[in-house]
Amino acid sequence: MKEFLLDTPVTKEFFTYLGNFGQIEALPNVGEGFYKFEKPEWFSIKGFVGDTTLEVRFKKEVMDLTVDFVYFLFSSYREGAVDLSALRGREQAIGERIRKHLYGT
């Protein structure tokens, strides 16, 4: 588990953005809103709207392959429309490496 300190508070829109890459679960009645993001076999992210920290839990076997993707996700986010093409390409390449590492395929 790693805790990431962000420059600005987390927004609901940030978790909507993460939803492009995995599953989001929202608990809007907890604090200002609590969100869980899950990218199976990669990592999960939990955090509160308005906080400047996020908890990221990596799958131990592939953490060395996925930690850079988390940094790229965080640094690529901008309010408004975001071009996801670079992220999608990186996600696909990492996904292939993860499958080979975990399943040999």
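Before reading on, note that the structure itself is shown above.
Residues numbered from 1 in each chain as written. Predicted model: local features only at pLDDT ≥ 70, side-chain atom pairs only at ≥ 80, totals over all residues. Heavy atoms only, no water.

**Notes on the pattern of salt bridges**
Phase 1 of the analysis: Considering all chains together, one arrives at four salt bridges under this definition.
Phase 2 of the analysis: Two residues, Lys 36 and Glu 25, come together in a salt bridge whose shortest N-O distance is 4.0 Å. Within this pair, whereas Lys 36 is found in strand 3 (residues 34-39), its partner Glu 25 is found in strand 2 (residues 23-27), the two being separated by eleven residues in sequence.
Phase 3 of the analysis: The exposure class assigned to Glu 25 is partly exposed, which follows from its relative accessible area of 39%.
Phase 4 of the analysis: Notably, a salt bridge pairs Glu 55 with Arg 57, separated by 3.0 Å at the nearest N-O pair.
Phase 5 of the analysis: Through salt bridges that share partners, Lys 39, Arg 88 and Glu 91 make up one connected network. (Salt bridge = Lys/Arg side-chain N within 4 Å of Asp/Glu carboxyl O. Helix = DSSP H or I, 4+ residues; strand = E, 2+ residues; numbered from the N terminus. Buried < 20%, exposed > 50% of the residue type's maximum accessible area, 1.4 Å probe, protein only.)

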